[in-house]
Amino acid sequence: MNRRQFIRDVMLWSAGATLAVPRFTILTDAWAEETPAPPLVAVAKGEDYSSLVTRVLQPFGGMGRFVRPGDRVVVKPNIGWDRNPEQGATTHPQVVQALVRQALAAGAKRVLVFDRTCNESRRCYANSGIERAIAELGDSRAVIEHIDQRKFVPVEIAKGKAITRWEIYKDALDCDCYINVPVAKHHGLCRLTLGLKNSMGVLGGNRGSIHRDLGQSLADLATVIRPKLTLIDATRILLNNGPQGGDLADVRRIDTLVAAINPVAADAYATTLFDLQPADIASTVAAHSMGLGEMALDRIKVTEA
């Protein structure tokens with residue numbers, strides 16, 4: 001099934017015109033362009049986060065590689081916790097703002113920012129600084145939205161091993177460009193939460209049940225949730241007591257961004273920021289075994305931007 005047909009099926013299901021559950025298993029064009037060449041991971045360091053976003057995207061040709069005029073874009077950060085930017089539990093607002101600004105400059109018709117939070121959503125949106133960062137753009141095309149439960153649609157995960165069907169936020173599926181912007185941090189259950197784990201924020205239903213086989217479940221979701229770009233915010237990394245954190249003593253500021261078209265490669269490299277290896281993270285191993293991306297560091301092309 002191609003993307004156009006999937007979007008049509010989602011709309012029919014949402015309108016009640018069909019009982020068939022939408023299926024979405026096709027690779028995006030951006031992923032296809034990287035096969036079979038070694039995946040590229042760009043790394044940039046600096047204290048000016050707006051220019052840092054520009055620099056980390058340059059090896060890929062800039063935002064215009066991902067966003068075309070008239071596109072409907074989703075920028076999906078981690079806004080899951082009632083934490084401020086210095087606590088390292090949510091994506092830094094300046095990084096999110098820079099991505100949205102660049103998507104608008106590339107001609108996006110609309111840029112939507114959202115997350116299904118763990119703590120109360122209004123506190124999370126406000127205290128993360130992301131709500132204000134979007135408002136400061138002063139552009140009606142940039143919208144930060146609280147989750148609308150009516151927008152979750154059931155999707156069959158045809159290649160899934162641990163999960164074969166789940167409700168997923170429709171905007172994450174039928175947008176023209178989905179940009180994944182996780183924060184790099186410790187996680188008490190799966191050691192780290194990076195790009196693949198950030199997909200939890202577009203899921204409906206009882207997400208807790210996924211934790212029984214979390215690594216494989218995240219890999220299964222990666223077969224249907226396909227970002228065109230993954231940009232990992234490692235400006236501040238939470239080293240302990242994640243994913244919620246709270247103690248500044250657990251945070252290390254390293255002013256780093258990691259970008260890749262392939263999220264498995266992005267996660268593989270970002271793991272090394274914590275003195276771990278890709279094989280230490282179950283979701284990376286599972287996604288690699290399903291053919292979703294490269295995890296061997298010596299087979300990934302890393303460039304400093």
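Structure: see above.
Residues numbered from 1 in each chain as written. Predicted model: local features only at pLDDT ≥ 70, side-chain atom pairs only at ≥ 80, totals over all residues. Heavy atoms only, no water.

### Let's talk about the packing of helix α8 (residues 214-221) against helix α10 (residues 282-289)
1) Next: Two elements in contact, α8 and α10, have axes separated by 7 Å at closest approach and are oriented at 45°. Taken together, the axes of α8 and α10 are oblique relative to one another. As for how α8 packs across α10, the hand of that crossing is right-handed. Residues G215, Q216, L218 and A219 of α8 lie in contact with α10, whose contacting residues are A282, S283, A286 and A287. (Axes fitted to C-alpha atoms, helices over the stretch in contact; angles between N-to-C directions. Helix = DSSP H or I, 4+ residues; strand = E, 2+ residues; numbered from the N terminus. Parallel < 35°, antiparallel > 145°, perpendicular 65-115°, else oblique. Left-handed = near helix turned anticlockwise from the far one by under 90°. Contact = heavy atoms within 4.5 Å.)

### Some points on unusual backbone geometry
1) Next: Here the amide bond leading from G242 into P243 is cis, since omega sits at 10°, within 30 degrees of zero.
2) Next: When you line up the elements, P243 lands in the loop between β10 (229-238) and β11 (251-260).
3) Next: Even without being a glycine, N241 presents a positive backbone phi close to 60°.
4) Next: Summarising the element assignment, N241 is placed in the loop between β10 and β11.
5) Next: Of the residues examined, N241 reaches a relative accessible area of 53% and is grouped as exposed. (Buried < 20%, exposed > 50% of the residue type's maximum accessible area, 1.4 Å probe, protein only.)

### Thoughts on α10
1) Next: Restricting attention to buried positions, one finds in α10 the residues S283, T284, A286 and A287. Seen along its axis, α10 keeps its buried residues to an arc of 165°; they face one direction.
2) Next: For α10, the elements touching its buried residues are α8 and α9 (263-271).
3) Next: Positioned one or two residues after α10, G291 has a phi angle of 80°, which is positive. (Arc of directions from axis to C-beta.)

### Some points on the side chain of K197
1) Next: Within the secondary structure, K197 sits in the loop between β9 (191-193) and α8.
2) Next: At 9.6 Å, D115 is the nearest oppositely charged side chain to K197, a buried residue that forms no salt bridge.
3) Next: Residue contacts for K197: discarding those within four places in its chain leaves H187, C190, L214 and L218. (Lys, Arg positive; Asp, Glu negative; His and termini not counted. Salt bridge = Lys/Arg side-chain N within 4 Å of Asp/Glu carboxyl O.)

### Section: the state of the cysteines
1) Next: Enumeration over the complete set of coordinates arrives at 0 disulfides.
2) Next: Here C118 stays free of any disulfide, with the sulfur of C124 as its closest cysteine sulfur at 7.6 Å.
3) Next: We classify C118 as partly exposed; its relative accessible area is 47%.
4) Next: Just so you know, C177 is unpaired, no disulfide at all, and the nearest cysteine sulfur is the one on C175, 6.8 Å from it.
5) Next: What makes C177 buried here is its relative accessible area of 0%. (Disulfide = S-S within 2.5 Å.)

### Focus: empty space enclosed by the protein
1) Next: On inspection of all chains with the given rule, the structure shows 2 cavities of 30 Å³ or more.
2) Next: Looking at the largest cavity, its volume works out to about 80 Å³.
3) Next: Forming the walls of the largest cavity are Y178, N180, G195, L196, N198, S199, L221, A222, I225, P227, T230 and P263.
4) Next: Class assignment of the residues belonging to the lining of the largest cavity gives a composition of 7 nonpolar, 5 polar and no charged.
5) Next: In this structure, the second largest cavity encloses a volume near 50 Å³.
6) Next: Along the walls of the second largest cavity sit C190, L192, T193, L194, L196, K197, L218, D267, I281 and S283, which together make up its complete lining.
7) Next: The residue makeup of the lining of the second largest cavity, split by class, is 6 nonpolar, 2 polar and 2 charged. (1 Å grid on protein atoms, 1.4 Å probe; cavity = no way out; pocket = protein on both sides within 12 Å on 5 of 7 lines; lining within 4 Å. Points joined across faces, edges and corners; volume = space filled by probe spheres on them. Nonpolar A, V, L, I, M, F, W, Y, C, P; charged D, E, K, R; others polar.)

### Focus on the pattern of salt bridges
1) Next: Here the structure, examined in full by the defined rule, presents 11 salt bridges.
2) Next: Between D139 and R141 there is a salt bridge whose closest N-O contact spans 2.8 Å.
3) Next: Taking the relative accessible area as the measure of exposure, R141 reaches 30% and is therefore partly exposed.
4) Next: Among the salt bridges present, the one from K151 reaches E145, with a minimum N-O distance of 3.2 Å.
5) Next: Ionic contacts of the salt-bridge type, sharing partners, join the residues R72, K170, D174 and D176 into one network.

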